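# Summary of the model geometry
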There are 2 protein chains.
Amino acid sequence: SAAEDHLLHLCVDRDFLCPGQTNMGLFQRGLSCSYGPLGLELRRNLLDQWWRSVSTSSAQVFGIKTLTCSQDPPTGGAGHLGIVDLDDLTQVLVQKGLSREELIQQLRERLHRSRLMRTSLYQGALKQFVPSLELANRKLPFGLAETGLCFQPPGRSGWSPKSMDGPGEATNTSLVWFCSPRTSGQWLDYWTRQRLKWWRKFALSPSNFSSAEVPEEELEAVVSRGVRVWYRFPWGQKPVETLWLRGNAELLRTLNGARFTLQGRDGRKTLPHVVTVTGNVDCGMMAFLSNSLQQLKKDNSKHRLQHRQVLKLHPALAPVKVALEIGRGATAELRQLCEGLMQELKEAQISVWPGYLSTQASSMEQLTAKYDEMGVLFTVVISENTLENGLLQVRSRDTTIKETVHISESRNYIFRYISAAHHV
Amino acid sequence: SAAEDHLLHLCVDRDFLCPGQTNMGLFQRGLSCSYGPLGLELRRNLLDQWWRSVSTSSAQVFGIKTLTCSQDPPTGGAGHLGIVDLDDLTQVLVQKGLSREELIQQLRERLHRSRLMRTSLYQGALKQFVPSLELANRKLPFGLAETGLCFQPPGRSGWSPKSMDGPGEATNTSLVWFCSPRTSGQWLDYWTRQRLKWWRKFALSPSNFSSAEVPEEELEAVVSRGVRVWYRFPWGQKPVETLWLRGNAELLRTLNGARFTLQGRDGRKTLPHVVTVTGNVDCGMMAFLSNSLQQLKKDNSKHRLQHRQVLKLHPALAPVKVALEIGRGATAELRQLCEGLMQELKEAQISVWPGYLSTQASSMEQLTAKYDEMGVLFTVVISENTLENGLLQVRSRDTTIKETVHISESRNYIFRYISAAHHV
């Protein structure tokens, strides 16, 4: 759709995404793509907020990190992506002496040895259940949290040779929650509420995020209930997170162990049921980008209609908090001031855009238009004035108001605003 | 070696690594493995510090995120790891009607379509050179930073079928630095100093990290100089980071473009040379774990020799900052106090270990011994006393001194210590 194209091109122009039709296509399909500097920061901020929500939750959650490829077949079993030594396989194909049967035999052996790429983080978490149960003093409930790359197997028809489709990469967030069977339904509801609250917390129009029960006919065999968190894009809705109530069949199969070693306590001894909470970070990024894009029209002083677009990303997500610019004045001295302030802001972990380094002649109006499209929270302008009396100008993205602040106060001024936003 | 085994087992016992001989073997070889909760936190802290050093550096560095698999052959060309649809390949093998030649033809086509796993982050960064040059206003020098998973191709002999070796996964940190040819040697030296300083900053015995020029005979064709940062383990030294001076042959080949579109300015127009700075996070984790392990012997009051081991990880790296314990007293009320304090610490982004939830009867001596092995900075004990007058006990890992602090002050007490350590 036109709105979608518009957003994708804006993302490329403003260095969220790397250029290229293929790259934009990946992002559009909710897959990982090559991100530019602003996209990387947005992604980092989003992942950081996810970990923060998991680790400050009152629930008992342990973080883990598992391997991307393993010898275990993936659960669910959509398809099998293997990682192979291509040079080795090719060598088999060029061996002249092999009969058809020998060839097949040798290839089979090699394919059998190949490792499988994970399609979700669920399998890895199941394998960590036993040591984690020990860590939790065998008490239920508790959860295992992980973020990482997963690979999407081809559809039933395989990768289409024409489009040169490859395996899709996606960055997932995963919480695998182990609880007693009788509480599992309540926990599914609890995590649905928590996750929906999380998505809405960073949204400009929270109501675009919603949750809905998955219809029974769409549930896989082991799943007894499911909920999806949807984001309503202007061009249709897409799921950003999925919650499943999975029972314990997969846990038993994976660990293949005596039932009593898998038992935890929640009042009495019990074999846990599993609730999985799986988000897609790449899709989430697109949701927040779409959600925060505001198209504004306003009359300027000369009564001409101006179009302005602002990426009103939540302060905690905005990739660049401050842009530093030079107004009129003696450039060399102003630059020094800029560099000092930039270093000070950087050390306070505030990301700064060094606009003052640019040699392109742009009006302040053009610059703020650009920074609004980048979602920059504050534009700070250092000018001759600053050299005289220490005062600089701070323009806010959201209010468009310009305030005069003393340079010694500017760091705290910005810092207070950002920390306040973190604690909303 | 015995020392290495001792460290690996300690790491498993204290939930840095997941159990299992195979898993320990991966970590030992400097590869990614399955990490437990403490390992995950250590890894997160290490990556966080790396990004912090890159983004607060006065040099112009952009962060990027590129894809894990692509159609481009890796530079260097050790081996080719492909990701294939195993179901699809197997289907070809079972097709009865195919002649030997048809079979080979079909397999070749499929292998040709397969994507390649990256072996380093270098290739991805080269492809982002052009948009990044624009972003830097065509000014040199600047750098592209990325962290991510890379896959290690098998050695010349292939994966050994017996050991069931798979492809190695490793998490790399990468800075690809573009600068004018005449300054490239100086930049190599600059980044060597910076990186060595970074490693040493977090070390208990900094002199175990050292740098050394790579002998000329080990340099690949395109590389004119190289430096390795080594860590001296008790069982031998291993490189944790490598810096190469690579000229611009690979840049030209990758971008295949008109020379003038690749030119930047550093005084005059010039085609940049490339310096790569590549670290191994998994190896770095092992270096810091080994570096921080102190074996102490002391006479206790009864003149018996006690062995004590402490993981003196740098405060910025320590995965758990505070352990919360209950002393003697009315348990239900003390628990409530613990939960309140825990939530307060968590919200200040201080990682807490909820020791008070444990139902195992352990003496305070056993507990501190355990926390010392986990590298926990402070053990906070809440007791009956706390209910009466608000005072609790804070024991420091490094001084072993116990101080009495008011509960309302404890958060700031700990927070001050940790932020001070961040700014060393």
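In the annotation of an unreviewed UniProt entry, the entry for chain A reads DNA polymerase gamma 2, accessory subunit, and the organism field reads Tetraodon nigroviridis. In its Subcellular location (unreviewed entry) section, the UniProt record describing chain A reads: "Mitochondrion".

## Concerning the domain arrangement of chain A
Taken domain by domain, chain A consists of domain 1 (2-68 + 118-149 + 167-289), domain 2 (81-116) and domain 3 (320-423). Of note, the centres of domain 1 of chain A and domain 2 of chain A, computed from C-alpha atoms alone, are 36 Å apart.

## Brief notes about the packing of aromatic side chains
The tally for this structure, following the rule as stated, stands at 44 aromatic pairs over all chains. Note on A:F378 and A:Y413: the rings are 6.1 Å apart at their centroids and 65 degrees apart in plane angle, and the pair reads as edge-to-face. Highlighted residues: A:F378 in strand β17 (residues 378-382) and A:Y413 in helix α14 (residues 407-422), separated in sequence by 35 residues. The class of A:F378 is buried, set by a relative accessible area of 3%. For the ring pair B:F129 and B:F142, a centre distance of 6.0 Å and an interplane angle of 10 degrees mean the geometry is stacked. Residue B:F129 is found in helix α7 (residues 129-135), and its partner B:F142 is found in strand β5 (residues 142-152); the two are separated by 13 residues along the sequence. In this structure B:F129 comes out as buried when scored by relative accessible area, which is 0%. These aromatic residues form a ring-pair network of at least three members: A:W198, A:W199, A:F202, A:F209, A:Y231, A:F233, A:W235 and A:F288. The ring of A:W198 carries A:R195 above its face, with NZ or CZ at 4.4 Å from the centroid.

## Re the UniProt feature "domain: Anticodon-binding" (unreviewed entry) in chain A
Annotation from UniProt places "domain: Anticodon-binding" (unreviewed entry) at residues 331-414 of chain A. Strand forms 21% of residues 331-414 of chain A and helix 50%; the C-alpha atoms that close the span are 24 Å apart.

## What about the pairing of strand β19 (residues 402-406) of chain B?
All names here are of chain B. When strand β18 (residues 391-396) meets β19, the two strands line up antiparallel, connected through five bridges. Residue V394 lies in a different strand from β19, and its bridge partner there is E403. Where β18 folds back onto β19 in an antiparallel hairpin, the turn is made up of five residues, including T400, whose phi is positive at roughly 60 degrees.

## What to know about the interface of chain B and chain A
Listed per partner, the contact involves 88 residues of chain B and 88 residues of chain A. Summing both partners gives a buried area of about 7200 Å² for chain B against chain A, and 58% of it is carried by carbon and sulfur. Summed over the shared surface of chain B and chain A, the number is 24 residue pairs in polar contact (both at pLDDT 80 or more). The dominant element in the side of chain B that touches chain A, judged by the number of residues it contributes, is helix α3 (residues 37-55) of chain B, at eight residues. In the side of chain B that touches chain A, the residues fall into 39 nonpolar, 29 polar and 20 charged. Direction of pairing for strand β3 (residues 81-85) of chain A relative to strand β3 (residues 81-85) of chain B: antiparallel, over a ladder of five bridges. Across the sheet, residue A:D85 finds its bridge partner in β3(B), namely B:L81.

## Comments concerning unusual backbone geometry
A:P141 follows A:L140 through a cis peptide bond whose omega is -5 degrees. Looking at where A:P141 falls in the secondary structure, it is placed in the loop between α7 (129-135) and β5 (142-152). Despite not being glycine, A:D15 shows a phi value in the positive range, around 60 degrees. With respect to the helices and strands, the residue A:D15 is situated in the loop between α1 (2-13) and α2 (21-28). Although it is not a glycine, B:N137 adopts a positive phi angle of roughly 55 degrees. Within the secondary structure, B:N137 sits in the loop between α7 and β5.

## A look at the relation of the copies chain B and chain A
Structural alignment of chain B on chain A gives an RMSD of 0.1 Å, achieved by rotating through 180 degrees and translating 0.0 Å along the axis. The transformation just described matches what one would write down for a two-fold rotation axis. Nearest to the rotation axis, the C-alpha of B:I83 is located 2.3 Å from it, this being the minimum over chain B.

Conventions used here
- Residues numbered from 1 in each chain as written.
- Chains lettered and ligands numbered in written order.
- Predicted model: local features only at pLDDT ≥ 70, side-chain atom pairs only at ≥ 80, totals over all residues.
- Heavy atoms only, no water.
- UniProt positions renumbered as here; feature names shortened; annotations may be inferred.
- Domains from an automatic or database assignment.
- Phe/Tyr/Trp six-rings, centres within 6.5 Å; stacked < 30°, edge-to-face > 60°.
- Helix = DSSP H or I, 4+ residues; strand = E, 2+ residues; numbered from the N terminus.
- Buried < 20%, exposed > 50% of the residue type's maximum accessible area, 1.4 Å probe, protein only.
- Lys NZ or Arg CZ within 6 Å of the ring centre and 35° of its normal.
- Pairing = 2+ DSSP bridges.
- Contact = heavy atoms within 4.5 Å.
- Buried area = accessible area lost by both parts, 1.4 Å probe.
- Polar contact = N/O pair within 3.5 Å; in protein donor to acceptor, adjacent residues only side chain to side chain.
- Nonpolar A, V, L, I, M, F, W, Y, C, P; charged D, E, K, R; others polar.
- Least-squares fit on C-alpha atoms with pLDDT ≥ 70 in both.

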